[in-house]
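Inside the fold
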Amino acid sequence: MASSERSALLTYRLCGGSGEEERGRAAAAATPRKLPTFLGVVVPTLLSMFSVVLFLRLGFVVGHAGLYQALIMFVVAYFIIGMTVLSVCAIATNGALDAGGAYYMISRALGPEFGGSIGIMFFLANVCGSALYVLGLVEAVVDSFGIPPGQKAGTGIHVLPQSYWYELLYGTILLALCLLVCLVGASIYAKATFLIFLIVAGVLGTILISFFATRPIEVSILLPNSNGSETRNGSFTGFSLATLRANLGGGYDVDYTTGQMMSFSSVFAVMFNGCTGIMAGSNMSGDLKRPSYSIPRGTISAVLFTYLVYNLLAFLMCATCDRTLLQKDYGFLRDISIFPPLVTVGIYAATLSAAMSNLIGASRILYALARDDLFGRALALAKKTSASGNPVMAVILSWLVVQLVLFSGKLNTIAGVVTTFFLLVYATVNLACLALEWASAPNFRPTFRYFTWHTCLLGIAGCCVMMFLISPVSASASLGFLLLLLLALHYLSPSSTWGYISQALIFHQVRKYLLMLDVRKDHVKFWRPQMLLMVQNPRGSARLIDFVNDLKKSGLYVLGHVELQDLDMLPSDPLQPQQDSWLSLVDRLNVKAFVSLTLAPSVRHGVRQLLFTSGLGGMRPNTLVLGFYDDEAPQDGLARHPAFTSAREEVPLSFPPIRAPTAPKLLSPREYVGIVADALKMLRNVLLARQLESLDKAWELRRAASPPPTIHVWPVNLLRPDSARYADTCSLFLLQMACVLNMARAWRRARLRLFLCVEAGAMPHAQEEKLRQLLKDLRIQAQIQLVPWDTVTRLHWQTPRGPPGGPALAGEEEEGTVNFPANTTQVSDEYVCAANKLVLEQSPAPAVRFLYLPRPPADTSLYPLYLHQLELLTRGLGPTVLVHGVSAVTSTQL
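Predicted model, so just to flag it, every value in this text is computed and none were measured. (Residues numbered from 1 in each chain as written. Predicted model: local features only at pLDDT ≥ 70, side-chain atom pairs only at ≥ 80, totals over all residues. Heavy atoms only, no water.)

Moving on, we get to the side chain of N622. Following the sequence through the fold, N622 ends up in the loop between α24 (603-613) and β6 (623-627). Taking relative accessible area as the criterion, N622 reaches 12% and is therefore assigned buried. Within the structure, N622 has its side chain in polar contact with the side chain of T623 (distance 2.8 Å). Apart from the residues lying within four places of it in its own chain, the contact partners of N622 are W527, R528, P529, Q530, R684 and N685. (Helix = DSSP H or I, 4+ residues; strand = E, 2+ residues; numbered from the N terminus. Buried < 20%, exposed > 50% of the residue type's maximum accessible area, 1.4 Å probe, protein only. Polar contact = N/O pair within 3.5 Å; in protein donor to acceptor, adjacent residues only side chain to side chain. Contact = heavy atoms within 4.5 Å.)

This is the structure:
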């Protein structure tokens, strides 16, 4: 069974590590796992829970809170840890576990950001927990062997001086002993804890017998005060109904070790430390024979047993001890025992074992963090292990941090911090299980089925509520620190192959909302551009890709690419190996785009496929963007792009080199214009971008020169001056695209200039006022500039052409003219060059120009001439976008 748990046949493993990560585990995997359920899970869990609280603070809890409130505290605490245990069991039985316990489970379930940040928090929780138990042990040692308060010299066995620095020294010595045991390894630790468990079990049995066998006694309690010390008497009454009644309600008083007034939340903070050992077995996951089998059974058994013992002891204490004894003598169990030395030994053994358990748990978490390289070189030292695989450097580093925490001085001082850390970790364990359940991933099939998303949610709520009740400041600080770690890891940690739960949750939600996105409810008020940019080779289109990213206005953006191959002639899909390069390109250019690649016998067929199939539901491209078809030699834009020229990081991309100027093109002029015609037939808007690779956006938009850069807009069909209008669908779409570009953050400094072409005697001011009112209605801020173009249109009217508004007559063509049937008139090259000159003369030169793109002619034989005149119209204009819109995109409604 143990071997099958780590079999390569398990294609879905909780760890999900890469090949490199698996090789990094080779040394650890070679070390056989030794610990069974009882020794590896039950014993560490019981000893972590039966330690300081059981022997030194249970009377404190009952004395201050009373029986009723103490039982409520146990219910709340065990409700929280019960929900957490169910989540731990679910995650632990959903795949093979490795070293790292809770950190390993959370990181492999939620991804490196959450896993790394929670791993640090859990490391700190274990470190503070180890310090807490060491301080409890120091308290017990000083209580047994310390010089009483107010005395300068000890007598008998009371020889240890008492002061802050002496107690720090005792804690350092005891912590060094824990270090020595942990350095030997988990196996020796497990054997040591088993012996301690036998001692603690014997002591627990002795304590239970003592409640029945010990006669009523008075216990003299020496308490420190400002004058030295004072003596108080506490009573062990035996079973007494009067004592029980007196202890039913709460009686909060001052804690004699810290001088602070106790309350429900502060007492709960101390009590909850008796419940934080539930992860002790999980922390040993790397040393268990069968972690997925042992952790659920061992942890649940230990939790149920401790709950029964705590409730039984609380009742016995309330029924036999007065409140003074419970509140003022933390070691009263020794005073009422039938064999006090055994109780003393049990206290020492239990607290020492709990300190070791937390120390070795912290070291295992630190080692797992270091091995995963989430923090880079900061934790490189913690990777070093002994020949047997024991992470000795992680143990030493954990010991150093515990030593620092010992400077806090008192157990009750750090109890609230420890509890906050553990509650935060337990909340995230529940969150991990909740996320896995809500993601509905088919591979989330834990063999432990006694949990639901309700139990996870209740566990999270319980942890968060109690965190803020105990200490709002500590809870807020912990959450703030966790958020900082999460953000740091999100931006700085390397990518992992563990799988990100966020991706599963996003998929789940996106699918749900895509189904809700009903195209029948589309309205022009909420229209946005959804772009499909066809890219032949990204090396020559880097700036165009960035420019279209500014044009999308939070809409869909797809980078399309057609590979001219036949799948029938290939052994496998050639596009899959290219996918990573395209996704890396998107990441490095920092554009919010999807990638869609296809195979086709021709570029035109490929574009058709992408227009038909790209997107889902209401998220489909409504605008096709193409680079311009001309004879200019392509330039390698990636070679000059800052994202790819950084000396800090080289990004390998498998894109082919730029096409040589003499090499044949992949499509003909006729096919290129056919793509435009196809898109318009499919009711897609079309943008043709020329010389966008010469657009240096950073220079244009950040130059200090005044006036600011401009965007020139020509919403008139320059190739058909006899039908020039400013309010048709295409002109309004062109205005909208220029406005959208101006709304992009990078282009907000730019100013729109709208050119109104006027002829003599055409009442230009009336036209200007009409256009100005249109812009006002559309909430578009633009400067209107009147442009006389009589000299240009005169060339058009002098050219022989067909009947106005209709197709040219056959046989009326002349050299340099084009017969555009049904939808255009005949224009000459001379006229087009004059129109080009008119556009070019408007100064100052803009950052980019938007021009009207006429429809292609219905006669496909005229496609080359149509493209030739578009080339003449845009020649030398710099960055230019030709726009033809078929969508109604503007609205004057609210």
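The discussion continues.
Turning next to the environment of D728. Tracing the sequence through the fold places D728 in the loop between β8 (710-714) and α29 (729-743). Considering only alpha carbons, one finds D728 and V716, 12 residues apart in sequence, at a separation of 9.5 Å. At 2.6 Å, the side chain of D728 forms a polar contact with the side chain of S731. Within the structure, D728 has its side chain in polar contact with the side chain of Y852 (distance 3.2 Å).

In this section: the layout of surface pockets. Looking at the second largest pocket, its volume works out to about 1,300 Å³. The wall of the second largest pocket is formed by 43 residues, among which Q536, N537, G540, S541 and P634 lie closest to the centre. Those elements that provide at least two residues to the lining of the second largest pocket are β4 (557-564), α23 (576-589), α24, β6, α27 (669-681) and β7 (685-690). At four residues, β4 tops the list of elements feeding residues into the lining of the second largest pocket. Split into classes, the residues belonging to the lining of the second largest pocket amount to 24 nonpolar, 11 polar and eight charged. (1 Å grid on protein atoms, 1.4 Å probe; cavity = no way out; pocket = protein on both sides within 12 Å on 5 of 7 lines; lining within 4 Å. Points joined across faces, edges and corners; volume = space filled by probe spheres on them. Nonpolar A, V, L, I, M, F, W, Y, C, P; charged D, E, K, R; others polar.)

Next up on the list: the sheet that holds strand β12 (residues 880-884). Overall, mixed pairing links the 10 strands, which are arranged β5-β4-β3-β6-β7-β12-β11-β8-β9-β10 in an open sheet. Here the strands that pair on one side only, and so sit at the sheet edges, are β5 (594-600) and β10 (783-788). This sheet shows a mean twist of 25 degrees between the axes of neighbouring strands, independent of strand direction. Bridge analysis of strand β3 (residues 531-534) against β6 gives three bridges, and the strand direction is parallel. (Pairing = 2+ DSSP bridges. Axes fitted to C-alpha atoms, helices over the stretch in contact; angles between N-to-C directions.)

The next thing to look at is the pattern of salt bridges. Applying the stated criterion to the full structure yields 13 salt bridges. Here D143 ties to R334 by a salt bridge, and the two come within 2.4 Å at their closest N and O atoms. Placement of D143 in helix α7 (residues 112-145) and of R334 in helix α15 (residues 332-336) is noted, with a sequence separation of 191 residues between them. Residue D143 is classed as partly exposed on the basis of its relative accessible area, which comes to 40%. (Salt bridge = Lys/Arg side-chain N within 4 Å of Asp/Glu carboxyl O.)

Below, the discussion takes up the pairing of β3. Where burial is concerned, the two faces of β3 agree: the one with M531 and L533 and the one with L532 and M534 are both buried. One ladder, built from four bridges, connects β3 with β4; its direction is parallel. Bridging across to β4, M534 finds its partner in G560. You can see the chain leave β3, run along helix α22 (residues 542-551) and come back into β4, and the turn it takes is right-handed. (Right-handed = clockwise from strand over helix to strand, strands pointing away.)

This brings us to the confidence of the model for the protein. Any segment with low pLDDT has predicted coordinates that should not be analysed in fine detail. Overall, the predicted model of the protein reaches an average pLDDT of 81, with 86% of residues at or above 70. Under a pLDDT of 50 for its full length, residues 1-30 has, in the predicted model, 52 contacts with residues more than four places off or in other chains. Counting contacts from residues 801-825, a segment whose pLDDT is below 50, to residues more than four positions away or on other chains yields 57 contacts. (pLDDT = per-residue confidence, 0-100.)

This part is about helix α11 (residues 264-272). Most of α11 is tucked away, with seven of its nine residues classed as buried. Those residues of α11 lying buried are S265, V267, F268, A269, V270, M271 and F272. Looking at the buried side of α11, the elements it contacts are α5 (52-92), α18 (411-439) and α19 (453-470).

Turning to unusual backbone geometry, a few remarks are in order. In the segment running from S843 into P844, the intervening peptide bond is cis, with an omega of 0 degrees. As for its position among the elements, P844 is in the loop between α32 (829-841) and β11 (848-852). If you check the backbone angles, D373 has positive phi at about 60 degrees while not being a glycine. Note on placement: D373 falls in the loop between α16 (340-371) and α17 (392-405). Overall, D373 belongs to the partly exposed group, its relative accessible area being 32%. Even without being glycine, L683 reaches a positive phi, approximately 60 degrees.

For the rest of this paragraph, the subject is the packing of α7 against α18. Two elements in contact, α7 and α18, have axes whose closest approach is 9 Å; the angle formed by their N-to-C orientations is 150 degrees. Accordingly, the angle class assigned to the pair α7 and α18 is roughly antiparallel. Considering how the two elements wind past one another, α7 and α18 form a crossing that is left-handed. Here the contact of α7 with α18 is composed, by residue class, of 19 nonpolar, four polar and one charged. (Parallel < 35°, antiparallel > 145°, perpendicular 65-115°, else oblique. Left-handed = near helix turned anticlockwise from the far one by under 90°.)

Counted by the stated rule, this structure contains two cavities of 30 Å³ or more. Taken as a whole, the largest cavity spans an internal volume of roughly 60 Å³. S48, N126, T276, G277 and N358 are the residues nearest the centre of the largest cavity, which is lined by 12 residues in total. Mapped onto the lining of the largest cavity, the elements with two or more residues apiece are α7, α12 (280-283) and α16.

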